[in-house]
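# Analysis of the macromolecular model
Residue strings, one per chain:
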Amino acid sequence: MVQTESLSQQAIASVNKGKLAFCKFLSANDTGLTGGHQCGIYVPKPAYSIIFDEKCVKGENKERLAKIRWMDDFETESKFTYYGTGTRNEYRITRFGRGFDLLKPDNTGALVVIVKLDDEDYEGWVLETEDDIDEFLDYFSLSPAETGRLIGTEMLSVDQQEEKKLAKMDAFVHALQGAFPKAFDMSKAARDIYNDVYDHMENIVQKPDQELLAWNNMEYDLFRRIEEIQYGDVIRSGFDSMQDFIDTANSVINRRKSRAGKSLEYHLEAIFQGNKLTYEPQVVTEEKKRPDFVFPGASAYHNPKYPADKLVVLGAKTTCKDRWRQVITEADRVKTKYLCTLQQGISPQQLHEMKSENVVLVVPQPYISTYPKEYREDIFSLAKFIQLVQEKTAV
């Protein structure tokens, strides 16, 4: 039987053969839920070169045409547009033609990948399932917070803070002596480096949403640095056989997948500890289920005299387009389950299902605007969630 490639594998191959590539999560604005469907896919300014050779100038509009082959199936002659007059200052991909359904509202939160083959020809992919999204992000070692920019471009400047950061990352990597750190040690090292370089410990309490994203990005930077130092020379020197190449490639990809799993939980723990919340991770509940966090902890949860309305249960999933339902049955005593995610945007249908199942999303504040407008008031920022826990568990 011939095994066909998944959509994510096809998108990965497309990025690898292209000149430039860009990815982002489709927001409610992109999919027409805000009434601006004709505006097209918004392209953040740092990624302008995916559609124009030069940065556009405020005060004028600019546009050009190019062919995009979508999902290796059909083509659109789309328009790349810069709106620079009036109050607008934005880049967009527009004109997809009738019958184009990849920007339908249900695809809010899907990952769109745009690949530039040459000036006139592009390929486009829309990854809808969580498995496809995770496989794509893991392959390029991208966190959800690092989408919205060109893939494979370095974001580091050479100022003193960045030099200090690089030096500390290198010191950590060399101390590993060729080994890979455990997930807990990796996450802690990322926080330690970030806190030492940028000295914003107060943000754990004052700006927990921004701190969570900063730590997450630092961890991805650190992981990529480990890969570069430990694999760079091997890759540059070549391989003795195809099998050696395959073994090395598989090792890299598998480490990327396994590393990402617990990262969000560890960073959340540090946020909760910094805010002096009382909690326990991985508490065993009914049928040996293990929610990621129970506030204030196991003894309270299993004490029938402890009021159920003072218990808080939180799940943590980096992306949650499909797997959010797992949290529903993890704690029978608690009606409302909270789920923290770095997902940017989810379809109205899924959000409606979540609401009907009493699942409340906890999303970093900067990402809430990517969700359909009518559901944003139902979504908690991390700061709001922390306040809720403090109020419920106050003695």
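Residues numbered from 1 in each chain as written. Predicted model: local features only at pLDDT ≥ 70, side-chain atom pairs only at ≥ 80, totals over all residues. Heavy atoms only, no water.

## Focus: the overall build of the protein
Secondary structure summary: the protein contains 10 helices and 13 strands in total. Scaling as 2.2 N^0.38, a compact globule of 395 residues should have a C-alpha radius of gyration of about 21 Å, and the protein matches this with 22 Å. For the protein, the spread of C-alpha atoms along the principal axes amounts to about 70 × 55 × 55 Å. For the protein, the proportion of its 395 residues judged to be buried stands at 51%. (Helix = DSSP H or I, 4+ residues; strand = E, 2+ residues; numbered from the N terminus. Rg over C-alpha atoms; globule rule 2.2 N^0.38 Å. Buried < 20%, exposed > 50% of the residue type's maximum accessible area, 1.4 Å probe, protein only.)

## Quick word on the domain arrangement of the protein
Each domain of the protein was delimited in the assignment, giving domain 1 (7-151), domain 2 (160-260) and domain 3 (277-393). Using only C-alpha atoms to locate each centre, domain 1 and domain 3 end up separated by 31 Å. The interface formed by domain 1 and domain 3 includes three salt bridges. For the salt bridge of R323 with D131, the shortest nitrogen-to-oxygen distance reads 2.6 Å. (Domains from an automatic or database assignment. Salt bridge = Lys/Arg side-chain N within 4 Å of Asp/Glu carboxyl O.)

## Digging into the sheet that holds strand β9 (residues 280-281)
Pairing within the open sheet is mixed, and its five strands lie in the order β9-β10-β11-β12-β13. Because the sheet does not close on itself, it has two edges, and the strands there are β9 and β13 (359-362). Pairing geometry for strand β12 (residues 337-341) and β13, over four bridges, is parallel. Within β13, the residue paired with Y338 across the bridge is V360. Packing of helix α10 (residues 382-392) onto the sheet brings it into contact with β10 (293-295), β11 (312-317), β12 and β13, and relative to β11 it is tilted by some 155°. (Pairing = 2+ DSSP bridges. Contact = heavy atoms within 4.5 Å. Axes fitted to C-alpha atoms, helices over the stretch in contact; angles between N-to-C directions.)

## Section: the environment of E211
Counting through the fold element by element, E211 comes out in helix α6 (residues 208-237). We classify E211 as buried; its relative accessible area is 1%. Residues E211 and I226, spaced 15 residues apart in sequence, show a C-alpha to C-alpha distance of 23 Å. In this view, E211 contacts Y194, N195, H200, N203, I204 and I271; residues no more than four positions away in its chain are not counted.

## Observations concerning the side chain of T81
You can see T81 is positioned in strand β4 (residues 74-83). Given a relative accessible area of 5%, T81 falls into the buried group. A polar atom in the side chain of T81 sits 3.4 Å from the side chain of T94. When sequence neighbours within four positions are dropped, the list of residues in contact with T81 reads F52, K62, E63, E90, Y91, R92 and T94. (Polar contact = N/O pair within 3.5 Å; in protein donor to acceptor, adjacent residues only side chain to side chain.)

## Details of the pattern of salt bridges
Pairing of side chains with opposite charge becomes possible as their charged atoms draw close. This model, assessed by the stated rule, comprises 22 salt bridges. The shortest N-O distance in the salt bridge between E63 and K79 comes to 3.7 Å. Of this pair, E63 sits in strand β3 (residues 62-70) while K79 sits in strand β4, placing them 16 residues apart in sequence. Where salt bridges share partners, they join E146, E162, K165, D221 and R224 into one cluster.

## Quick notes on unusual backbone geometry
Geometrically, the link from F295 to P296 is a cis peptide bond, its omega value of 5° lying close to zero. Among the secondary structure elements, P296 is positioned in the loop between β10 and α8 (298-302). Although it is not a glycine, M71 sits at a positive phi angle of roughly 55°. With respect to the helices, strands and loops of the structure, M71 is situated in the loop between β3 and β4. Within the chain, K288 stands out as a residue other than glycine whose phi angle is a positive 60°.

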